[in-house]
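Next come the chains, spelled out residue by residue.
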Amino acid sequence: MKNWMLGLALVCVIPACVTINIYFPAAAAEKAADKIIDDVWQLKNGAGKPAVNKEEPAAPSAQ
């Protein structure tokens, strides 16, 4: 009976010691955030053009 309880205790305790660490590259995350912020500010200031939906045909230009 003792062996069974010891085995059960080990089965419960050992997985609790496992840690999974995920590291994000800070430079890449900062670069992506800067790009998003720049895009938002350009659209807010009217300097940027809204994205064109590729599924819809473009309007013909007057010549």
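Definitions and cut-offs
Residues numbered from 1 in each chain as written. Predicted model: local features only at pLDDT ≥ 70, side-chain atom pairs only at ≥ 80, totals over all residues. Heavy atoms only, no water. Helix = DSSP H or I, 4+ residues; strand = E, 2+ residues; numbered from the N terminus. Buried < 20%, exposed > 50% of the residue type's maximum accessible area, 1.4 Å probe, protein only. Areas by Shrake-Rupley, 256 points an atom, 1.4 Å probe, with all protein chains shown as cover. Salt bridge = Lys/Arg side-chain N within 4 Å of Asp/Glu carboxyl O.

Caption draft 1: Up close: the overall build of the chain. For the chain, the helix and strand inventory stands at two helices and zero strands. Within the chain, the fraction of its 63 residues that count as buried is 0%. Of the roughly 6,700 Å² that the chain leaves accessible, carbon and sulfur atoms contribute 65%.

Caption draft 2: Highlighting the pattern of salt bridges. Applying the stated criterion across every chain yields a total of one salt bridge. A salt bridge links Lys-35 to Asp-39; its shortest N-O distance comes to 3.5 Å. In this pair, Lys-35 and Asp-39 both sit in helix α2 (residues 26-45), four residues apart, roughly one turn of the helix.

Read these as spatial facts, not as claims about activity.
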